[in-house]
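# Chain and residue survey
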Amino acid sequence: MHLIVFLLASVFIRGTLTEDDALIIIDVQNCFTEGGTLPVDDGEQVIPVINDVRRLFSVVVLSQDWHCVNHVSFASQYPEYNVGDVVNLEYDPSGQLCRTADVNLSYTVECSGDTEILNQHLWPDHCVINTSDADFRRELITTDTDIIIQKGYHCQLDSYSVFYDNGRYSETHLEQTLLDYEVRNVYLTGLATDYCVYWSAKDAKQLGFETYVILDGTRGINPKTIADAIQDMKSKGTRNGIKGY
Ligand code: VGL
Ligand code: ZN
């Protein structure tokens, strides 16, 4: 009898979420919020939403944009280019930057094999490793058992997704960690809707996770790219919201 009451109570308290579900909080850092180096409009407004839903999850992941001081995505590295410009970067099959097609940037290896060109959007210097700008926002609730995934620390290769770098040359340990926890459904929140949330959601879906984006717990950089990202995520089968709420 006590067991049944306990089971009913725990179902009630947990709502419809189960241990199959993980919350993935993307880049809720000082850099992307008011007072930071790449602030997203109203970015800090995601925090109360995230703090409220995280109690529903037993697995919580936090990603952290984590860049070298001279990162390849920083417009400051390109004398002739500005924030918002796009440059073509050429990578060899191992993911080494070997040529910058239209800019004068030093590169480290000769191009060989089948190279690939990635479009790199240029950003202000942001989220530099071990600076307070890269810290999580103080108001964001975190615990010791949260899984932290840093990304973008390859100096010459950017990483929007919490699963892979932008050329898919390397992966983080997140997919394996989620599989180890037997997670099947992931819920994405955070910043920015049109970049790191979007790229992470696409990868989560493609990896076979049932993928939800808690849209009211996201904010984006540009209205047009936000609309395009939402439409594309929907067309790929990603759903909005918190299941059962
Ligand atoms: C992000 C731009 C550059 C993001 C990261 O978190 O969405 N956007 N780096
Ligand atoms: Zn970044």
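Before reading on, note that the structure itself is shown above.
Throughout what follows, the structure given in this document is the object of discussion. Computed from a prediction, not measured in an experiment: that's the story for all the values here. (Residues numbered from 1 in each chain as written. Chains lettered and ligands numbered in written order. Predicted model: local features only at pLDDT ≥ 70, side-chain atom pairs only at ≥ 80, totals over all residues.)

Take the nonpolar core next. Counting 54 residues, the largest nonpolar core has Leu23, Ile24, Ile25, Leu188, Leu191 and Val197 as its most contacted members. Elements with a minimum of two residues in this core: β1 (21-26), α2 (46-53), β2 (59-65), α3 (174-180), β7 (185-191), α4 (193-206), β8 (210-219) and α5 (223-235). When residues of this core are assigned to their parent elements, the largest contribution, six residues, is made by α4. Setting aside its immediate chain neighbours within four residues, Val197 contacts Ile26, Leu188, Gly190, Leu191, Ala192, Val213 and Thr218. (Core = buried A, V, L, I, M, F, W, Y, C linked by C-beta atoms within 7 Å. Buried ≥ 20, exposed ≤ 12 C-beta atoms within 10 Å, placed from the backbone. Helix = DSSP H or I, 4+ residues; strand = E, 2+ residues; numbered from the N terminus. Contact = placed C-beta atoms within 7 Å.)

Let us now look at unusual backbone geometry. Across the junction of Leu191 and Ala192, the peptide omega takes the value -10 degrees, indicating a cis bond. You can see Ala192 is positioned in the loop between β7 and α4. Even without glycine at this site, Asn130 takes up a positive phi of about 60 degrees. Its place among the elements puts Asn130 in the loop between β5 (116-121) and β6 (147-151). When the 9 C-beta atoms within 10 Å are taken as the criterion, Asn130 is described as exposed. You will see that Arg168, though not glycine, has its phi angle at about 55 degrees, which is positive. With respect to the helices and strands, Arg168 occurs in the loop between β6 and α3.

Okay, the packing of α4 against α5 next. At a closest axis distance of 9 Å, the pairing of α4 and α5 adopts a crossing angle of 10 degrees. Relative to α5, the element α4 lies roughly parallel. In this structure, α4 crosses over α5, and the sense of that crossing is left-handed. Contacts between α4 and α5 involve Thr193, Asp194, Tyr198, Ala201 and Lys202 from the first element and Thr225, Ile226, Ala229 and Met233 from the second. The residue makeup of the contact of α4 with α5, split by class, is five nonpolar, two polar and two charged. (Axes fitted to C-alpha atoms, helices over the stretch in contact; angles between N-to-C directions. Parallel < 35°, antiparallel > 145°, perpendicular 65-115°, else oblique. Left-handed = near helix turned anticlockwise from the far one by under 90°. Nonpolar A, V, L, I, M, F, W, Y, C, P; charged D, E, K, R; others polar.)

What follows is about the pairing of β2. Put simply, side chains in a regular strand alternate between the two faces of the sheet. When you tally the buried positions in β2, you get six out of seven residues, the bulk of the element. Pairing of β1 with β2, which is carried by five bridges, proceeds in the parallel orientation. Within the sheet, the bridge partner assigned to Leu23 lies in β2 and is Val60. Following the chain from β1 across α2 to the adjacent parallel β2, one finds a crossover that is right-handed. Bridging between β2 and β6 involves five bridges; their strand directions are parallel. Bridging across to β6, Ser63 finds its partner in Ile149. (Pairing = 2+ DSSP bridges. Right-handed = clockwise from strand over helix to strand, strands pointing away.)

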